[in-house]
Amino acid sequence: MQFKKILPYKLKSILPILGVAGLGVVSSCEKVGPTEPDVPTTSVEYILHSNGKNFEKYLPTLLPFIQSFADQEYIDTIYLNADYGSWIFCTSSDIQRLRNQFLEPAINYSPKVFGRGNFSFMPGEASKVPDDSTWFVKHGWTLNQQQR
C-alpha cells in the first residue's frame with residue numbers, strides 16, 4: 001500500500017512567507033562594535049543688539065560668549081541673531097567695523113557659529129561695501145529684508 005500526500009502550494013503565497021521569515025532573521029542580528037552614548041545637543045542664541053551707533057558698547061561680550069560655548073560638546077549650533085530695526089543708523093564704515101572687529105572673529109572661531117536674522121541698515125549703505133554685503137549673506141544673515 002502506498003500513501004501519496006500532495007501538498008498544494010502556490011508560488012504567490014510562498015514568497016511573502018519567505019520574506020517575513022528572512023526579515024526576522026536579519027533584524028535579530030546585533031550591531032558589532034562599541035556604541036557611543038547619545039549626548040543630547042542644543043543650540044544657543046546670541047542677540048546682536050545695537051542702540052543707534054553704539055553696537056561697540058554691546059558686542060565686546062560676543063567673542064567670550066562664543067569661546068565659552070563653542071568648546072562644549074552638548075552645544076551643536078551657536079546662532080548670532082541680528083536684532084531687527086536697531087541697525088538703521090550704521091554707515092558703511094560702521095558695517096565694515098562690525099564685520100571685521102566682531103562678527104568675522106566670532107564666525108572664524110568655530111564651525112558651530114552661524115548668522116541668523118536681518119540687519120536693517122540704512123538703504124544704500126550696505127551696497128557701498130559689496131564685499132561685506134556678500135559676506136553677511138554667505139554666513140546666514142539677510143540685509144534690509146522686510147519682515148513677513
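Residues numbered from 1 in each chain as written. Predicted model: local features only at pLDDT ≥ 70, side-chain atom pairs only at ≥ 80, totals over all residues. Heavy atoms only, no water.

**Observations regarding helix α4 (residues 92–109)**
Under the convention used in this document: Segments assigned H or I by DSSP are reported as helices when at least four residues long, segments assigned E as strands when at least two residues long, and all are numbered from the N terminus. Take the number of residues in a helix, subtract one, and multiply by 1.5 Å to get its expected span. Consider a residue and the seven residues that end there alongside the seven that start there; fitting an axis to each set, the bend is the angle between those axes. Burial status follows relative accessibility: with a 1.4 Å probe on protein chains alone, a residue under 20% of its type maximum counts as buried, one over 50% as exposed, and anything between as partly exposed.
Along its 18 residues, α4 runs 25 Å from first to last C-alpha, staying within 8% of the 26 Å computed at 1.5 Å per residue. Largest kink in α4: about 45°, centred on L103, with the proline P105 one to four residues after it. Turning to α4, its buried residues are S92, D94, I95, L98, R99, F102, L103, A106 and I107.

**Remarks on the packing of helix α3 (residues 62–70) against α4**
To keep things clear, this is the line we draw: All axes are obtained by fitting lines to C-alpha atoms, using only the stretch in contact for helices, and the reported angles, taken between N-to-C directions, cover 0 to 180 degrees. In these notes the angle categories are as follows: under 35 degrees is roughly parallel, over 145 is roughly antiparallel, 65 to 115 is roughly perpendicular, and the rest is oblique. Should any heavy atoms of two residues lie within 4.5 Å, those residues are counted as being in contact. Residue type decides the class: Asp, Glu, Lys and Arg count as charged, Ala, Val, Leu, Ile, Met, Phe, Trp, Tyr, Cys and Pro as nonpolar, and the leftover types, Gly among them, as polar.
Where α3 meets α4, the closest approach of the two axes is 9 Å, and the angle between their N-to-C directions is 10°. Taken together, the axis directions place α3 and α4 in an arrangement best described as roughly parallel. On α4, the residues that touch L62, L63, I66, Q67 and A70 of α3 are F102, L103, P105, A106 and Y109. Residue composition of the contact of α3 with α4, grouped by class: nine nonpolar, one polar and no charged.

**Remarks on the environment of A82**
One can find A82 in strand β2 (residues 75–82). With a relative accessible area of 6%, A82 lands in the buried category. Residues A82 and R116, spaced 34 residues apart in sequence, show a C-alpha to C-alpha distance of 6.5 Å.

**Let's talk about the sheet that holds strand β1 (residues 42–48)**
The criterion, for reference: Strand pairing is defined by DSSP finding a minimum of two bridges between the two strands.
Read from one edge of the open sheet, four strands run β1-β2-β3-β4, paired in parallel fashion. For this open sheet the edge positions go to β1 and β4 (142–143), each flanked by a neighbour on one side alone. Note: β1 against β2, seven bridges, orientation parallel. When the sheet's bridge partners are listed, S43 is paired in β2 with T77.

**Overview of unusual backbone geometry**
With a phi angle near 55°, N144 is a residue other than glycine that sits in the positive phi range. In this structure, N144 sits in the segment after β4. Using a relative accessible area of 32% as the deciding quantity, one classes N144 as partly exposed.

**Observations regarding the side chain of N81**
Locating N81 in the fold gives a position in strand β2. A residue is classified by how much of its surface remains accessible, and N81, at 19% relative accessible area, is buried.

**Digging into the packing of α4 against helix α5 (residues 130–138)**
This is how the line gets drawn: Crossing handedness follows the turn of the near helix against the far one: under a right angle anticlockwise gives a left-handed crossing, and clockwise gives a right-handed one.
It is the contact of α4 with α5, at a shortest axis distance of 11 Å, that shows an interaxial angle of 35°. Where α4 crosses over α5, the handedness of that crossing is left-handed. Residue-level contacts link I95, Q96, L98, R99, L103, E104 and I107 of α4 to D131, D132, W135 and F136 of α5. Residues belonging to the contact of α4 with α5 are distributed by class as follows: six nonpolar, one polar and four charged.

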